[in-house]
Amino acid sequence: MSAGPGQQQALLRQVLGWRVAAAVAWSVLLLPLCTAAFVVLSGIDPFHPLRWVSNSFNDLYTSYVIFCILLMSVVILVISIFNVEFYAVVPSIPCSRLALIGKIIHPQQVIHSVVHAVMGVLVAWCAAVMTKGKFQFLAVPCTSSESLDDAVPQVCLNEYHLFFLLSGAFMGYSYSLLYLVNNMNYLPFPIIQQYKYLRFRRSLPLLVKHSCVESLYLVRNFCIAYYFFGYIPRAWISTTMDLHIDSKLHPLDTLTGLLDLSLLYHAWLCGVFLLITWYITWLLFKIYATETHHFPVQPTFAEETDQCLPKILNSNPPLIIKFLALQDLMLLSQYSPVRRQEVFSLSQPGGHPHNWTAISKECLNLLSDLTQRLIAQQEAAAAANGRAKQPAGELKISPQTPGAIVTEDMSFQLQRSNVIPRAPMPSLVKSSLLPLKASPGSDVGTPFSSPILNCKAGILDLNSPWHGSVQSPHIMRRGPKLWTSNSDLQMNGSHQESFPVFSVVRAGSEAVQPSFIYTWLQNKQEQIKNFLSKRALIMYFFSKHPEASIQAVFSDAQMHIWALEGLSHLVAASFTEDQFGVVQTTLPAILNTLLTLQEVVDRHFKLPHVSSKPPRISGSLVDTSYKTLRFALRASLKTALYRIITVFGEHLNAVQVSTEHKKRLQQFLEYKE
Amino acid sequence: MCSLGLFPPPPPPGDITLYEFNNALVCGHLYETLPLAFQSQLADLPVLGLPKETLKAHSRLEHGTKPAFIHHRESLWKRCINAWRDVGVCGVLNEVANAEEEALQWVKTGSRYALAVCHWVSSLHGSLFPHLSVSFWGAGCTIRAFAWHPHTSKFAVALLDDSIRVYNTNSATIPTLKHRLQRNVAAMAWKPLCASILAVACQSCVLVWHLDPTSLSTRPSSGCAQVLSYPGHSPVTSLAWAPSGELLLSASPVDTAMLVWDVSTENCVQLPWFGGGGVTYLAWSPDGSKVLAATPSAVFRVWEAQMWTCERWPTIKGRCQTGCWSPDGSRLLFTVLGESVIYSLSFSEYRGEMQGQVGGSKTASIVADLSETTFETLYGEERIGGEVHSMAWDPSGERLAVIIRGNPDVPESPTVIAVFRTRNSPVFELLPCGFLRGEQGAQPQLIAFHPCFKKGALLTVCWSTGKISHIPFFFVSAQLPCFSPGRSPVAAMASASVREQPLFSEL
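Residues numbered from 1 in each chain as written. Chains lettered and ligands numbered in written order. Predicted model: local features only at pLDDT ≥ 70, side-chain atom pairs only at ≥ 80, totals over all residues. Heavy atoms only, no water.

### Digging into helix 28 (residues 659-669) of chain A
Residues and elements named next belong to chain A. Selection criterion: Think of it in three bands: residues with accessible area under 20% of the maximum for their type are buried, residues over 50% are exposed, and the middle band is partly exposed, with areas taken using a 1.4 Å probe on protein chains only. To qualify as a helix, a DSSP run of H or I must reach at least 4 residues; to qualify as a strand, a run of E must reach at least 2; elements of each kind are numbered from the N terminus. Relevant arc is that of directions from the helix axis to the C-beta atoms, nothing else. A contact between two residues is defined here by any heavy atoms of the two lying within 4.5 Å.
Of all the positions in helix 28, only His661, Arg664, Leu665, Phe668 and Leu669 are classed as buried. Within helix 28, the buried residues cover an arc of 145° as seen down the axis, which keeps them to one side. Turned more than 90 degrees off the buried face of helix 28, the exposed positions are Thr659 and Lys663. If you follow the buried residues of helix 28, they end up packed against helix 26 (587-605) and helix 27 (629-648). Count one or two residues on from helix 28 and you reach tyrosine 671, which has phi positive near 55°.

Set out below in structure tokens:
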């Protein structure tokens, strides 16, 4: 059914290959322009403008400038290769500081950094050669200072050149580091479709400004570094290459040496040159890679079957292909009646709506996957907050967590009170949600509401014996969390009058038997964690940043946003365009999935630590849109629901959904959500 | 072509127009009620009177909390820093020039000269770029902006004191929106496909209010407002939501770039062009495919909303004053400052396959002549006609309301609302219907059609006296009966393209 990995690689190459080639070609073509600008600016001479202009135009044709352009093309090529190898449509967000450090010392990243540093040296060498003057060569002739009378011609180290090369390496390394820290390998898809040239032109001023400012900071940092450690590479180079140090000149790792205006200007200009050329390469790759791709809905020839939209969505292609396919789905559902007609069409022999089934199934799968992930995350958050927020805790904890109960009972027996057990995502939750995914057409209610009500009722009548009989503070504190499972409730319900504590223990021990070693290991793990968490330094590295972990949950939400938009536009269009009624069969499932997701997303935004407003995005070159994807998801989910509801209106009352969802739908129909 | 001469004579003075029935406008006195059959349709629509006196008109003159505190003299240096932070270089110069300190006489004279130069340069700016100096017509009246919610019976009114009130027919609470940044409100727009999100164009930013439709609070906190600002993009005077509800366009007459906002994430994309000044008027076609953007110079642009390319339309006489789209987005009616005609511009039907093409016809045609016409009535003669101030086309495409500004030099030529009957398919038709008259001395300021009135069309008029009245037009739509309660853009577009196909309604 699904295409083999070889075919998928071929598809990737077919879709992405020419884009990469075009991006590289354009960045190489833009290189002479950047070089010319660099040459003109590096020879700046405000007192003799005419000489300056004529000199710099003469310089442009010299052989070494042409050689530098060739060398720079190679550098651009290498940078492009790294861009292609490192790009990601789903950003990887380090949740703790340790994870960030782990990313930095990851071998892949080390290679990235080293290669970029070397490329930086090459660019700096080119810049030094093109700047001419005192920067051009590493070795310059000089006279030994001791004997002025018998001046022996010697070869001395040109520290300016060395400074340039080292600054290039430093900038290359910093670029690589910032590339990692700012997630610049993330490919953000634009909010509106525009032609590539317009997108490039729009970003260009921002790119130049960003490069200028960043280069300023980099030069400052490099000067500080050179001031302290500059003597090491100087001594090393001079000894290995047998060069003398010209003692008549100031060494550069002193204040007077560093405060050379011409040196600083040229170093800054070299940094700007390096950053602009590399950023242009990066920008062009980004623009080309995120351009829309037109996937056919129905294959015209038999061999094209693997490239058509339903097939791609249902197979498991490389992520970028999946993203492009979903983007194409969103666009076709919104703008193209002809292609929508193809989606709603029936297969020729047989009359099955294969296209629609495949597309809607994949979209619904994506959305229910997200629902499950969010539920799991909320459970984890609830488990972490169980103690801190008692009254709310009992409502937040999803009822189907027997696994969590097991650990807790064990911990209860062991009298460990200050450890927060991380409820491992129990497999039972998934299975309990499976009907949602497996039989979307059936009348499935929301997975929480009714059990939660049960749970609440159980706690209400259970609380009194608890508080009456048990005095232990640990148990008191854990009270609400023990009553989170349906089975537990029933079990306890029978015994509650007499021995509530015993029944709990027994229920726990019964459940523990099959996986005792597992729980023991878990306990040990918790204990070690507990021990370590008291050490402040380790805490510093291990502590999870709440914002980052939320971002990580929603890191691929762009897919879900497109799935939502595509699905809702298709359903809305089906009201008038769907001749065979193929959409009607899936409408209950779609509504169920959307409403469940809506419920979970609403719940997510009510969690503690979750801000309800997006952070301010400064209009900088570095795209941080992945940080706000969850807000976009929330908005487009609501819009998607309203889109379906405004079109179908009162007819939705005839759709089979659970009573909970019916109530919700009614609220949407009255525009009260 | 339709002209004002074909119109029935205006109603006698003292009467006001109540409703339209059987293709005729019915006039009467204010206390007369509607026929019983129609009363239920309008029972819950509030008719408002918002007289100017009740508003705290000078609230805008207070700059912060300064007057509440005892004056305290600081050193000149500190005051300069404060002025720099508040007003900029001019503030510093002003502060130095007016300083009472004895010393630094030459600094004071110097800064006085510099200030004079500053003033001269800024006056030069106005004379060099006349299109950048914006003035609002009718700036003195109580109501500055009006917006119907696209799906429910709910509207927002922006008042002179920069507060916004939201009226809902189904609830008695009237939320009043106030915000520190909500100054000089020029436009408002409700987000489509959403319960209650209102975008407000303010002096320095776009405020997006997230109102809870079930809340009973009358003063939503300013925490409910999202601030969308962009350097150089002020004052914002026009807004338009995409009918699909995902994007917001904002424009300023001073900024040459329009901004496309993704409101949920506060991301924006600039749509720049060169020359022609900023944008004075925005209108997104109801099917979501095109956007009209009028500039302060004699040119307007029609953007295609998929790939965001534009077609440039130079006009002969003046700038484009206002425009409105037919429901299927295939026809644009617009008017030009200095000419008393309505132009029509048709676009090829939107198919989605022609990416990056606007598809406009080669020339615009004149469909109505609104030049001054004299009507002989029993009560004397009346002269009606002139430039068009604004236009509104009802969502079913059957009625067009036009505010015709009279000749300002002639006192007896009033500002009136003319109503046309229109038909868009198979051929475009514009037929006269009649003039609307309000109370004595009241001039129409703003007009808007109710987005989902079932029995025809409902026009809301904001008068210069601060009164908001609703005038229903009862008719049976010639188009297919609309299934959906709110006309969704997709449905409208689809019904235009596949009209012959049978529709299903059974599930």
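### Looking at the pattern of salt bridges
Definition in use: Salt-bridge detection follows one rule: a side-chain nitrogen of Lys or Arg within 4 Å of a carboxyl oxygen of Asp or Glu.
All chains considered together, the criterion is met by 19 salt bridges over all chains. A salt bridge links A:Arg234 to A:Asp253; the shortest N-O distance between them is 3.3 Å. Taken as a pair, A:Arg234 in helix 8 (residues 231-240) and A:Asp253 in the loop between strand 3 (244-245) and helix 9 (255-258) lie far apart in primary sequence, 19 residues in all. Pair check on accessibility: A:Arg234 and A:Asp253 agree, each one buried. The shortest N-O distance in the salt bridge between B:Glu382 and B:Arg437 comes to 2.8 Å. Highlighted residues: B:Glu382 in strand 26 (residues 380-384) and B:Arg437 in the loop between strand 30 (429-436) and strand 31 (444-449), separated in sequence by 55 residues.

### Here's the deal with the environment of B:Leu430
All names here are of chain B. With respect to the helices, strands and loops of the structure, leucine 430 is situated in strand 30. Between the C-alpha atom of leucine 430 and that of cysteine 2, which follows or precedes it by 428 residues, the distance is 6.4 Å. Ignoring any residue separated from it by four or fewer positions in sequence, one finds leucine 430 in contact with Cys2, Val367, Ala368, Leu400, Phe420, Arg421 and Thr422.

### Describing the UniProt feature "transmembrane region" (unreviewed entry) in chain A
Here is the rule: UniProt positions are given in the numbering used here, feature names are shortened, and annotations may be inferred rather than shown by experiment.
Residues annotated in UniProt with the feature "transmembrane region" (unreviewed entry) correspond here to residues 20-44, 64-90, 110-130, 160-181, 206-229 and 263-285 of chain A. Counted over residues 160-181 of chain A, helix gives 100% and strand 0%. Its end C-alpha atoms are 31 Å apart.

### A closer look at the packing of aromatic side chains
Note on aromatic pairs: each is described by the distance of the centres and the angle between the planes. All names here are of chain A. In plain terms, the rule: Each Phe, Tyr or Trp ring, with Trp reduced to its six-membered ring, pairs with another whose centre is within 6.5 Å; inter-plane angles below 30 degrees give stacked pairs, above 60 give edge-to-face pairs, and intermediate values give tilted ones.
Counted under the stated rule, the structure contains 44 aromatic pairs over all chains. When the ring of phenylalanine 163 is compared with that of phenylalanine 222, the centres are 5.0 Å apart and the planes differ by 65°; the resulting orientation is edge-to-face. Highlighted residues: phenylalanine 163 in helix 6 (residues 159-181) and phenylalanine 222 in helix 7 (residues 196-229), separated in sequence by 59 residues. Here phenylalanine 344 and tryptophan 356 contribute two aromatic rings whose centre-to-centre distance is 6.2 Å and whose plane-to-plane angle is 55°, an arrangement assigned as tilted. One end of the pair, phenylalanine 344, is in helix 13 (residues 337-344); the other, tryptophan 356, is in helix 14 (residues 354-385), with twelve residues separating them in the sequence.

### So, unusual backbone geometry
A cis amide bond links B:Ser234 to the next residue, B:Pro235, at an omega of -5°. Along the chain, B:Pro235 falls in the loop between strand 12 (225-228) and strand 13 (238-241). A positive phi angle, close to 60°, is found at A:Lys132, a residue other than glycine. Mapping A:Lys132 onto the fold places it in the loop between helix 5 (107-131) and strand 1 (139-143). Phi is positive for B:Glu266, which is not a glycine, with a value near 60°. Considering the arrangement of structural elements, one finds B:Glu266 in the loop between strand 15 (258-262) and strand 16 (267-271).

### Looking at the environment of B:Gly329
Residues and elements named next belong to chain B. Relative to the helices and strands, glycine 329 is located in the loop between strand 21 (320-325) and strand 22 (331-336). What makes glycine 329 buried here is its relative accessible area of 1%. Along the sequence, glycine 329 and asparagine 170 sit 159 residues apart, while their C-alpha atoms lie 32 Å from each other. Ignoring anything within four residues of it in the chain, the contact list for glycine 329 reads Ser285, Asp287, Lys290 and Phe347.

### Description of the pairing of strand 11 (residues 206-210) of chain B
Residues and elements named next belong to chain B. The line we're drawing: Strand pairing follows a simple DSSP-based rule, namely that at least 2 bridges must link the two strands.
Of all five residues making up strand 11, four are buried, and the element is well covered by its neighbours. Relative to strand 11, strand 10 (residues 197-201) runs antiparallel, the two being bridged by five bridges. The residue bridging alanine 201 from the neighbouring strand is valine 206, located in strand 11. Between strand 10 and strand 11, which pair antiparallel in sequence order, lie four residues.

### Brief notes about helix 27 of chain A
The line we're drawing: Expected helix span is given by 1.5 Å per residue-to-residue step, counting one fewer step than there are residues.
Here helix 27 of chain A contains 20 residues, and its C-alpha end-to-end distance of 28 Å stays within 8% of the 28 Å for a straight helix at 1.5 Å per residue. Counting buried residues along helix 27 of chain A, 17 of its 20 residues qualify, which places the element largely inside the surrounding structure.

### Quick notes on the side chain of B:Ser340
Along the polypeptide, B:Ser340 turns up in the loop between strand 22 and strand 23 (341-346). For B:Ser340, a relative accessible area of 18% corresponds to the buried category.

### A few points about the nonpolar core
Residues and elements named next belong to chain A. Rule in force here: Here, nonpolar core means buried Ala, Val, Leu, Ile, Met, Phe, Trp, Tyr and Cys residues that are tied together by side-chain atoms lying within 4.5 Å of each other.
One finds Leu329 and Trp356 to be the most contacted residues of the largest nonpolar core, which totals 91 residues. Among the elements that line this core, the one with the most residues is helix 27, at twelve residues. Judged by nonpolar contacts, the second largest core, of 67 residues, contains Leu31, Val75, Val123 and Ile287.

### A few points about the state of the cysteines
Residue and element names in this part refer to chain B. Put simply, the test is: Here, a disulfide means two cysteine sulfur atoms that sit within 2.5 Å of each other.
Inspection of every chain in the model, using the stated rule, returns zero disulfides over all chains. Among the cysteines around cysteine 320, which has no disulfide bond, cysteine 324 carries the closest sulfur, lying 10 Å off. For cysteine 320, a relative accessible area of 1% translates into the label buried. For the unlinked cysteine cysteine 433, the closest cysteine sulfur is that of cysteine 2, found at 11 Å.

### Section: the sheet that holds strand 14 (residues 248-251) of chain B
All names here are of chain B. This is how it is decided: Angles shown run from 0 to 180 degrees and are taken between the N-to-C directions of axes, each axis being a line fitted to C-alpha atoms and, for helices, limited to the stretch in contact.
Spatially, the four strands line up as an open sheet ordered 13-14-15-16, and their pairing is antiparallel. Only two strands of the sheet have a single neighbouring strand rather than two, namely strand 13 and strand 16. Averaged over all adjacent pairs, the angle separating strand axes in this sheet is 20°, with direction ignored. Here strand 14 pairs with strand 15 via three bridges, running antiparallel. Paired with leucine 248 across the two strands is tryptophan 261, which belongs to strand 15.

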